[in-house]
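Coordinate analysis (summary)
Chain by chain, the residues run as shown.
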Amino acid sequence: MGVILLAIVTACVILCVKACTGNGDEEQKATENIVKEGATVDTALVGRLKDFAAKPRPEGKFAFHVYDITADKPVYGCNDTLALPSASCMKLLSGIAGLRLLGCNYHYWTAIFMRGTVTADGTLNGDIAFRAGLDPQMMAPDLNDFAKAAKKKGIKRISGKLIVDLAITEPVKSEEHWFPWDLTFSKYGLFYKGKERVIKALKASLRGQGITVKDEQIVMAAVPKGAKCLYITRRYIDDVVKRMWKNSSNTQATAMLYTIGNRINPKGNPVTTGVEYLRKFMADSLSLRHPSLCIHDGCGLCTHNSLSPLALTTILRYGYHDKSIRASLNRNLSIAGVDGTLVREMGGAKLRGKIRAKTGTLSHPYGISSLAGFCEGANGHTLAFAIMDSEMSVLDARVLQRKLCEAMVK
């Protein structure tokens, strides 16, 4: 059974690699034709957006852009190329870029292995190996299931080594320009807290199942060839993206950045490599190269991150034109008045359930608020939109966001 499980793991990893490295022709074939030939932009909508842009509003920086995906044409924008702090709308970029690189069926897997034979008195004449990837939702108590699998094999002690194989060994650190309180370490998954914490939790789980492990038996090394898989868990990337977008989890978005970086260069700095990939994705895949557009992290906590409304609608359009990513956007963006970070926003009859979007809010250094997503226009066309505000009250910004959405769905 262990050999079969290991073979399944290997096959899954190979499939994931193929999904991530598929050629552009295959992806193009998978993309649905969502543009209606000859479709035109709603002129009444253009008028409403012009009126919205011209009306008095609170002091501060203000910009928005609306794009008609069905007609494949821009509708209207106000200061739409102005780069402003993006806050958590940065998660749209890191999520879509991550899904593009890794594949929408990518999964994180964690497993425990054994090599050797178990004697009648419960001694494993060989080694136990634990392999951990970058699952951002695995917590210390979850390791009990791996220890139980070893106990089920009759193991009470090991004569060899407890081998720990980790994708990263250093704990997450505050990224450049983060504020001191932005790193809430306890909320990160176990594998992002450093090798000492992982080893401590693994020892506790094994010992809790009556398996004796001495500290001198523990080594950091790769899982040896020929080891039999005793237990494996998988977490699909969609679980991570859901928390990134619907719940605006900074920890899950940072984990996505680490996953991207680790995929590109397993031996490099995952944050630096991940940010470099996001910048390259912006320039090469989205043709967004203006120097005012800045990326410093994957979650949006950094106030030096700068995107424009036009950049955000371009990111959304890219995701929408990929069938698999579009399905993820539909599932995982917050729905106005229904769930996620929009559960208490736009809950009236005009907008409830009609807006799917990502929110972005930072209260420091002063009001930063953004909203980007999709809605169905009055003419039935799918619209991508982004509105960004800074240096104004977040409450005032949310009023402007609501008014823009009302203008689009009227």
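As a starting point, this report considers the structure included with it. These numbers were taken from a predicted model, which means no experiment stands behind them.

1. Regarding the pairing of strand β14 (residues 382–390)
Most of β14 sits inside the fold, with nine of its nine residues counted as buried. Here β14 shows two buried faces, one formed by Thr382, Ala384, Ala386, Met388 and Ser390 and the other by Leu383, Phe385, Ile387 and Asp389. With eight bridges connecting them, strand β1 (residues 61–68) and β14 associate as antiparallel partners. Counted as the bridge partner of phenylalanine 62 is aspartate 389 from β14. Sheet topology note: the strand β13 (residues 368–376)/β14 ladder contains nine bridges and is antiparallel. Among the inter-strand pairings, glycine 373 is bridged to a residue of β14, identified as phenylalanine 385. The turn linking β13 back onto β14 is made up of five residues, and glycine 380 within it adopts a positive phi angle of 85°.

2. Observations regarding the pairing of strand β7 (residues 162–166)
In terms of burial, β7 is largely enclosed, as five of its five residues are buried. Both faces of β7 are covered, namely the face carrying Leu162, Val164 and Leu166 and the face carrying Ile163 and Asp165. Two elements, β7 and strand β8 (residues 218–220), share three bridges in a ladder whose sense is parallel. For isoleucine 163, the partnering residue across the bridge sits in β8 and is valine 219.

3. Re the packing of helix α8 (residues 250–264) against helix α9 (residues 270–285)
A pair of packed helices can be characterised by two numbers: the angle between their axes and the separation between those axes. For the pair α8 and α9, the least separation of the axes is 7 Å and the interaxial angle reads 90°. Taken together, α8 and α9 sit at an angle that is classed as roughly perpendicular. Each of Leu257, Tyr258, Ile260, Gly261, Asn262 and Ile264 in α8 lies in contact with α9, whose residues at this interface are Pro270, Val271, Thr273, Gly274, Val275, Tyr277 and Leu278. Partitioning the contact of α8 with α9 into residue classes produces nine nonpolar, four polar and no charged.

4. Description of the side chain of threonine 259
Checked against the element boundaries, threonine 259 lands in helix α8. For threonine 259, a relative accessible area of 3% puts it in the buried group. A polar side-chain atom of threonine 259 sits 2.9 Å from a polar atom in the side chain of tyrosine 108. Contact partners of threonine 259, with chain neighbours within four places excluded, come to Leu102, Tyr106, Tyr108, Leu134 and Tyr192.

5. Notes on the state of the cysteines
Tallied over the full model, the rule gives zero disulfides. Here cysteine 302 is not disulfide-linked; the sulfur of cysteine 299 is the nearest cysteine sulfur, at 8.8 Å. The class of cysteine 302 is buried, set by a relative accessible area of 1%. We note that cysteine 375 lacks a disulfide partner, and the nearest cysteine sulfur, in cysteine 405, lies 6.4 Å from it.

6. Description of the packing of helix α4 (residues 90–102) against helix α7 (residues 237–245)
Interhelical geometry of α4 versus α7 gives an angle of 170° and a closest axis separation of 10 Å. Judged by the angle between their axes, α4 and α7 are roughly antiparallel. For the pair α4 and α7, contact is made by Lys91, Leu92, Ser94, Gly95, Ile96, Leu99 and Leu102 and by Ile237, Val241, Met244 and Trp245, respectively. Along the lines of polarity and charge, the residues of the contact of α4 with α7 split into eight nonpolar, two polar and one charged.

7. Digging into a positive patch on the surface
On the surface, Lys55, Lys350, Lys403 and Lys410 cluster together into a positively charged patch. Looking at where lysine 403 falls in the secondary structure, it is placed in helix α12 (residues 394–409).

8. Side note on the sheet that holds β14
Strand order in the open sheet formed by six strands is β2-β1-β14-β13-β12-β11, with antiparallel pairing between adjacent strands. This sheet does not close on itself; its edge strands, each paired only once, are β2 (73–78) and β11 (334–335). Helix α3 (residues 43–54) contacts β1, β2 and β14 of the sheet and is inclined by roughly 15° relative to β2. Here α12 sits on the sheet in contact with β1, β12 (355–362), β13 and β14, set at roughly 15° to β13.

9. As for α12
A rise of 1.5 Å per residue sets the reference length of α12, with its 16 residues, at 22 Å; its end C-alpha atoms lie 23 Å apart and thus fit the reference within 8%. For α12, the full list of buried residues reads Val394, Ala397, Leu400, Gln401, Leu404, Cys405, Ala407, Met408 and Val409. Of the surrounding secondary structure, the elements contacted by the buried residues of α12 are α3, β1, β12, β13 and β14. Between the side-chain oxygen at the start of α12 and the backbone nitrogen of leucine 395 there is a gap of 3.1 Å, and the oxygen is on serine 393.

10. Things to note about the packing of aromatic side chains
The description of an aromatic ring pair rests on the distance of the ring centres and on the angle between the ring planes. Per the stated rule, a full pass over the model turns up twelve aromatic pairs. Ring geometry for phenylalanine 52 and phenylalanine 64: centres 5.3 Å apart, planes at 55°, overall tilted. Here phenylalanine 52, found in helix α3, pairs with phenylalanine 64, found in strand β1; they are twelve residues apart in sequence, far enough to count as distant. Judged by relative accessible area, phenylalanine 64 falls into the buried class, the value being 0%.

Parameters at a glance
- Every chain begins its residue count from 1, and numbering advances along the sequence as written.
- Residues qualify for local features only when their pLDDT is at least 70, as the model is predicted, and side-chain atom pairs are given and counted only at 80 or more; totals for whole chains, interfaces and linings, by contrast, use all residues.
- Side-chain descriptors were evaluated using all non-hydrogen atoms of the structure, hydrogens and water having been removed beforehand.
- Think of it in three bands: with a 1.4 Å probe and only protein chains considered, a residue is buried below 20% of the maximum accessible area for its type, exposed above 50%, and partly exposed in between.
- Note on conventions: DSSP H or I runs of at least 4 residues are helices, E runs of at least 2 residues are strands, and numbering of each starts at the N terminus.
- Criterion used throughout: strands pair if DSSP finds at least two bridges between them.
- Note on geometry: axes are C-alpha line fits, over the in-contact stretch for helices, and angles between N-to-C directions span 0 to 180 degrees.
- If an angle is under 35 degrees, it is roughly parallel; if it is over 145, roughly antiparallel; if it lies from 65 to 115, roughly perpendicular; otherwise it is oblique.
- Only heavy atoms enter the contact rule, under which two residues are in contact if any of them lie within 4.5 Å.
- Here the nonpolar group is Ala, Val, Leu, Ile, Met, Phe, Trp, Tyr, Cys and Pro; Asp, Glu, Lys and Arg are the charged ones; every other residue, Gly included, is treated as polar.
- Whenever two N or O atoms come within 3.5 Å, that pair is a polar contact, provided that in protein one can donate a hydrogen and the other can accept it, and provided that, for residues adjacent in sequence, both atoms are side-chain atoms.
- Sulfur atoms of two cysteines make up a disulfide when they are within 2.5 Å.
- What goes into a patch is any residue over 30% in relative accessible area without a salt bridge, connected to like charges within 9 Å or, for nonpolar side chains (Val, Leu, Ile, Met, Phe, Trp, Tyr), within 5 Å.
- We get accessible surface area from the Shrake-Rupley algorithm with a probe of 1.4 Å; when it comes to residues, only the shown protein chains can shield them.
- The rule for a salt bridge is simple: a side-chain nitrogen of Lys or Arg has to be within 4 Å of a carboxyl oxygen of Asp or Glu.
- Lys and Arg are tallied as positive, Asp and Glu as negative. Neither His nor the chain termini are counted.
- Charged groups are reduced to one reference atom each: NZ for lysine, CZ for arginine, CG for aspartic acid, CD for glutamic acid.
- Here the expected length of a helix is defined as 1.5 Å per residue gap, with one fewer gap than residues.
- Under the pairing criterion, centres of Phe, Tyr and Trp rings, with the six-membered ring standing for Trp, must be within 6.5 Å; the plane angle then separates stacked pairs below 30 degrees from edge-to-face pairs above 60, leaving the rest tilted.

Read these as spatial facts, not as claims about activity.
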